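Residues per chain are reported as follows:
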Amino acid sequence: MNRVWLALTSAVFLLLLAVSPWAVALRAFGGKGVLVTLWGTVDLYGRAKAMPDVSWLGYFTVFWVALALVAAVAAFLPEARARARLYYAIGLAGVAVFALEAYLFYHAVWAANEAALAAGARRPPLKRYSLSLGAYASILYSLFLLAVGRLQLPGGRALLVRWRGVIVPAVSMLLAMVAGAVVVWLLKDVKIPEEGGMLTYLTAKLDLVTYTFQLLFGPLLTASGWFQSLLIATPLIFTGLAVAFGFQAGLFNIGAPGQLTIGAIMTMLVGVHLANAHWFADLPDGLARAVFLPLSILAAAAGGALWGAIPGWLKARFGAHEVINTIMMNYIAASIFLFMIASNEYTFFGRWTLHMPFKFPGYEARSYEVAESARIPLMVNLFGFHQDASGTWTGALSWALPLALAAMVIAYVLGARLELGKRLLTALAVGVLGYFAGGFLPGIPMELSSKLASVRLNGAFVIAAFAVAFYNYYMWRTRDGYELRAVGMAPKAAEYGGVSIARKTILAMAISGALAGLAATHYVLGGGIDEYRLKQSLPTNVGFDGIAVALLGQNTPIGVFLSALLFGVLLTGGLQLDLQLGISRELVMMLQALIVLFIAAGGFLPRYFTDPILAAQAEEGAQGVI
Amino acid sequence: MGLESILTAAFLVPLLQTTLRSTTTLLLTALGGMFSERSGVVNIALEGMIIFGALTAAVSAQLLEAPYLAENPGARIWWIPWVAVLLAMVVGAFIGWIHAVVSIKYKADQIISGTAINLLAAGLPSLVLAYFYDNTTASKELVNRLPEWLGFSPLVYLAFALVPVTWYVMFKTPWGLRLRSVGEHPEAADTMGINVFRTRYTAVILSGVLAGLAGAFLSIGVLNQFVRNMSAGQGFIALAALIFGKWHPIGVLGATLLFGFAKALAIQLGGGDIMPPTVIEAFPFIITMLVLAGFVGTSRPPKAIGKPYEK
């Protein structure tokens, strides 16, 4: 079986190497490019003014074919250690050759650009050049060979199984990307020069698919891309945590959209109507901020908690399944939401008229503006930058936030011997000290690029980071969390151990709902929907995205954070996808759905990856061999 | 418009008609879901299956009629909507097959698998619409929608006719007995020589077929195009009706009629000043929750529901 997989992977690799673009020397806006392949360059752009000298690329083909052949022969060596050594050797050789090829390619591009500039060109003719599918395939194949080498040694399979928390999501992600590639292949056509044959067409198609994913992951390459991704990731962290929290307690909370909506309504009530109420008008600014900002944030959590607790209670009291009830609550929340902000006047039975003060006058369905005192500042503000009258962002990079964070982490790590509660308090106190100390230090004066400053990443991200920490602390460091997980894993055993399942169900749903509700802080208090208001365009769908985030993150705090960030990157890249290739951003939604489907199926991996008991056996058995 | 205006023929007759129409989608979907759930596979993917069915029917009918319309802009070709319905059923079966493979063969959590299909149904239609029509929200309006017989689409009659049929199949045929035994006690069924996996596959695919049919009814029976999210939670309500109806065809008929009536009431009262439309739209969902909490107490689901079968 292993040999079959090896042969199959090698064949796919060689095929990809042969037909796919190895690199792209020039990429125009809109996706057309100059493709570098093993058998020559294909100019789909048509107006390239310079070409890199990549005649050497063909020679390396010999090396890769030889590598695949050696890999095939190595599978028949009788001794495991010899096999492993050989695989390690050729794997490392592959990595080294890949690095050499990459260096040569970039060097050739730079040389061509310099030559063009010396010849009088105003701008470097080759731009947005990059490696492409063929190059990616070679490095992935080399890494694959290294992994095969490790698998030959005793304990190899146990190692794989031990890393199942990473392998299952990674494989699912990869499969989803392949499926996404097929969809792009089917839905999007390419134009090739008339003299181009079947091979050119194939290469152009593969280039399109590769470019699609390059665009999707593109935000990782720029600072503003990272900022934008974090901005989009912020609500996903909340909803991902909400779903993960439910999963840990054996509950499936599909109600995050509704909980978010109710959280948003509650925070609107406090942040707009309570904070703007006339009897608080005399409060000094600082005091108002200290009161209303935390209060508004708590209101969001409380609204979500309420909307989560109801299905929890229905399940505990009547045995009504939480999945259907949370779905119903989503629709009900959407109705309440529209009811509140679509109109201020309703007539019942033709007689009674209800007047409400929530909708801002005008055509659009939106609330009044959140009071200054209840707004969450932007991250750039938190880092000490301000916008002057001319619109440029200047200031000094403040040490307060980084120092506070560093102090907190250091105090937490050093306090390992303290009791947990004291440890947390100490860390928090040291963090506050660090914040103030950092405030007094002279900052680094600098000017922000307008691109970076235009990203409205706000303080809700900090709240999200704290929510991740809270989830980690509560689930794995407290008795309540332990009991919750016990209920999730083995409800009968937990009940026998004295845990009230009914109470835990309500509690878990309430906290899960509160986490989802907190996402509203980003949208309403942090101005996540362009204005500091509650608007009809509130994207409640992030509640469903939370399912994919939680599953991809395997319900772990760091996993949820990273997968939220990943989806943030993909969604940010999706904008470029729409702009450049005319492929709808919904592709990312489809990828999310497929990831959920494939993770549910355990990544189509053998059962010992997904079944806890079989996994434990696989780990044990392999240890016996050593 | 006051309360008295409700009790007139001008209000009641359309109310009855709308009730029957909105019941049809729910009834078809719920009857399909019954096969799946009776065999022990939770099918929360009904919502997504409706959407895929609706998309397939609308797009295929529009593409089929396009060449004829190019010649004669008013061309009525009788077979086009029926082929579209057939295709919708095939696509529904395919989606059901995916759900079956993931949750039966790969023993996935059936609710997560179903949710994945629902998420897919939220994203993929936009891509398909963008490919065919250059927009992401609706398909092109078509001419050749399903005909109406005596004021109702044939699928309305079909849905109600299916109630006794499913009852007969489920409770009077050997296949129905096997299906139920697989959902109640798969180990015992397996011992008796019943192929648990095959029975469940058939049941889930059948539920996909019926949900696809319901989707086709929405897009080319009620409307004449596919609109994004056009099923608007009806798959979930059908699932609730299934539970409320105690997984029995007659009970399902009663439950879907109730929900259909609530929806029809919402539509009929929509324009007036009896109730704000946003409030009325929430009614079916509130009723569903009340029903699930209060009246279902004695409803007993198939015993093996939600559990993957380990041979």
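Residues numbered from 1 in each chain as written. Chains lettered and ligands numbered in written order. Predicted model: local features only at pLDDT ≥ 70, side-chain atom pairs only at ≥ 80, totals over all residues. Heavy atoms only, no water.

Caption draft 1: Representation of the overall build of chain A in the model. Along its length, chain A carries 24 helices and 9 strands. Relative to the globule expectation of 25 Å for 626 residues, the C-alpha radius of gyration of chain A, 28 Å, shows essentially globular dimensions. Taken along the three principal axes of its C-alpha coordinates, chain A extends 80 × 70 × 60 Å. The contacts in chain A between residues at least 6 apart in sequence include a share of 72% that link residues at least 24 apart. Roughly 29,000 Å² of accessible area belongs to chain A as shown, and the carbon and sulfur atoms make up 68% of that amount. Mean positive and mean negative side-chain charge positions of chain A (41 and 30 charges, respectively) differ by 6 Å. (Helix = DSSP H or I, 4+ residues; strand = E, 2+ residues; numbered from the N terminus. Rg over C-alpha atoms; globule rule 2.2 N^0.38 Å. Contact = heavy atoms within 4.5 Å. Areas by Shrake-Rupley, 256 points an atom, 1.4 Å probe, with all protein chains shown as cover. Lys, Arg positive; Asp, Glu negative; His and termini not counted. Charge placed at Lys NZ, Arg CZ, Asp CG, Glu CD.)

Caption draft 2: Local environment of the overall build of chain B. For chain B, the count of helices and strands is 11 helices and 0 strands. Ordering the α and β elements of chain B from the N terminus gives α-α-α-α-α-α-α-α-α-α-α. Rg of the C-alpha trace for chain B: 20 Å, near the compact-globule value of 19 Å for 311 residues, within the 12% margin. For chain B, the spread of C-alpha atoms along the principal axes amounts to about 60 × 50 × 35 Å. Counting only residues that meet the buried cut, chain B has 58% of its 311 residues in that class. Sequence separation of at least 24 residues holds for 80% of the intrachain contacts in chain B that already meet a minimum separation of 6. In the structure as shown, chain B presents an accessible area of about 12,200 Å², 69% of it carried by carbon and sulfur atoms. A gap of 12 Å separates the mean positions of the 19 positive and 15 negative side-chain charges of chain B. (Buried < 20%, exposed > 50% of the residue type's maximum accessible area, 1.4 Å probe, protein only.)

Caption draft 3: Representation of the interface of chain B and chain A in the model. Of the residues lining the interface, 48 residues belong to chain B; the matching set on chain A comes to 43 residues. Summed over both sides, the interface of chain B with chain A buries roughly 4,000 Å², with 80% coming from carbon and sulfur. Connecting chain B to chain A are 1 salt bridge. For Glu586(A), the salt bridge is made with Arg228(B), and the minimal N-O distance between the two is 3.4 Å. (Buried area = accessible area lost by both parts, 1.4 Å probe. Salt bridge = Lys/Arg side-chain N within 4 Å of Asp/Glu carboxyl O.)

Caption draft 4: Seen up close, the nonpolar core. Counting residues in each nonpolar core, the largest one holds 228 residues, and the members touching the most others are Phe245(A), Phe252(A) and Leu534(A). Inspection of this core shows a minimum of three residues originating in each of domain 1 (2-153 + 189-215) and domain 2 (223-378 + 457-582) of chain A. With near-sequence residues (within four places) excluded, Phe252(A) lies in contact with Val243(A), Phe247(A), Glu322(A), Val323(A), Thr326(A), Ile547(A), Ile111(B), Ile112(B) and Thr115(B). Judged by nonpolar contacts, the second largest core, of 36 residues, contains Ala68(A), Val97(A), Ala102(A) and Tyr141(A). (Core = buried A, V, L, I, M, F, W, Y, C linked by side-chain atoms within 4.5 Å. Domains from an automatic or database assignment.)

Caption draft 5: Quick peek at the packing of helix H9 (residues 256-274) of chain A against helix H10 (residues 285-318) of chain A. All names here are of chain A. Across the interface, H9 lies against H10 with an axial gap of 7 Å and an inter-helix angle of 150°. For the element pair H9 / H10, the angle class is roughly antiparallel. Between H9 and H10 lies a crossing of right-handed hand. In this structure, H9 uses Gly-258, Gln-259, Ile-262, Gly-263, Met-266, Thr-267, Val-270, Gly-271 and Leu-274 to contact H10, whose residues at the interface are Phe-292, Leu-295, Ser-296, Ile-297, Ala-299, Ala-300, Gly-303, Gly-304, Trp-307 and Gly-308. When grouped by side-chain class, the residues that make up the contact of H9 with H10 number 10 nonpolar, 9 polar and no charged. (Axes fitted to C-alpha atoms, helices over the stretch in contact; angles between N-to-C directions. Parallel < 35°, antiparallel > 145°, perpendicular 65-115°, else oblique. Left-handed = near helix turned anticlockwise from the far one by under 90°. Nonpolar A, V, L, I, M, F, W, Y, C, P; charged D, E, K, R; others polar.)

Caption draft 6: Inspection of the domain arrangement of chain A at higher detail. Residue and element names in this part refer to chain A. Looking at chain A, the domain boundaries give domain 1 (2-153 + 189-215) and domain 2 (223-378 + 457-582). Computed from C-alpha coordinates alone, the two centres of domain 1 and domain 2 are separated by 45 Å. The interface of domain 1 with domain 2 comprises 9 residues on the first partner and 6 residues on the second. Between domain 1 and domain 2 lies a buried interface of about 630 Å² when both sides are counted; carbon and sulfur atoms form 69% of it. Of all residues in domain 1, Phe-29, Gly-30 and Leu-215 give up the largest surface area on contact with domain 2, accounting jointly for 69% of the area buried on that side. Summed over the shared surface of domain 1 and domain 2, the result is 0 salt bridges.

Caption draft 7: Inspection of the sheet that holds strand E7 (residues 385-387) of chain A at higher detail. Residue and element names in this part refer to chain A. With respect to topology, 3 strands assemble into an open sheet ordered E7-E8-E9, the strand pairing being antiparallel. Edge positions in the sheet fall to E7 and strand E9 (444-447), since each of these pairs with one other strand and no more. Strand-to-strand twist in this sheet, taken as the mean axis angle between neighbours without regard to direction, amounts to 20°. One ladder, built from 4 bridges, connects strand E8 (residues 393-397) with E9; its direction is antiparallel. Opposite Leu-397, over in E9, you have Ile-444 as the bridge partner. (Pairing = 2+ DSSP bridges.)

Caption draft 8: Looking closely at the side chain of Thr288(B). Relative to the helices and strands, Thr288(B) is located in helix H11 (residues 277-295). Of the residues examined, Thr288(B) reaches a relative accessible area of 0% and is grouped as buried. Beyond its immediate stretch of four places on either side in the chain, Thr288(B) contacts Met328(A), Ile237(B), Ala240(B) and Phe259(B).

Caption draft 9: Region of the structure containing the packing of helix H8 (residues 223-248) of chain A against helix H16 (residues 460-477) of chain A. All names here are of chain A. Where H8 contacts H16, the two axes come as close as 9 Å, and the packing angle between them is 20°. It follows from the interaxial angle that H8 and H16 lie roughly parallel. Seen from above, H8 lies across H16 with left-handed handedness. Seen from H8, the contacting residues are Leu-230, Thr-234, Ile-237, Phe-238, Leu-241, Ala-244, Phe-245 and Gln-248; seen from H16, they are Ala-460, Phe-461, Ile-463, Ala-464, Ala-467, Val-468, Tyr-471, Tyr-474, Met-475 and Trp-476. Looking at the contact of H8 with H16 residue by residue, the classes come out as 16 nonpolar, 2 polar and no charged.

Caption draft 10: Layout of the pairing of strand E5 (residues 345-348) of chain A. Residues Tyr346(A) and Phe348(A) line the buried face of E5(A), whereas the alternating positions Glu345(A) and Thr347(A) sit on a face that is not buried. Hairpin connection from E5(A) to strand E6 (residues 352-355) of chain A: 3 residues lie between these consecutive antiparallel strands, with Phe349(A) at a positive phi of about 55°.

Caption draft 11: Looking closely at the side chain of Arg533(A). Residue and element names in this part refer to chain A. For Arg-533, the location among the structural elements is in the loop between helix H19 (501-525) and helix H20 (542-552). In this structure the side chain of Arg-533 is engaged in a polar contact, spanning 3.0 Å, whose partner is the backbone oxygen of Ser-367. Polar contacts involving the side chain of Arg-533 include one to the side chain of Glu-531, which spans 2.8 Å. If we skip the residues at most four places from it in the chain, Arg-533 touches Phe-360, Arg-366, Ser-367, Tyr-368, Glu-369, Tyr-523 and Val-524. (Polar contact = N/O pair within 3.5 Å; in protein donor to acceptor, adjacent residues only side chain to side chain.)

Caption draft 12: Representation of the confidence of the model for chain A. Mean pLDDT over chain A: 86, with 99% of residues reaching 70 or higher. Across chain A, H19(A) holds the top mean pLDDT of 94, while helix H24 (residues 612-625) of chain A sits lowest at 67. (pLDDT = per-residue confidence, 0-100.)

Caption draft 13: A look at helix H1 (residues 2-19) of chain A. Over its 18 residues, H1(A) runs 26 Å from end to end, which matches the ideal 26 Å to within 8%, given 1.5 Å per residue. Buried residues of H1(A): Leu6(A), Ser10(A), Phe13(A), Leu17(A) and Val19(A), and no others. (Expected span 1.5 Å × (residues − 1).)

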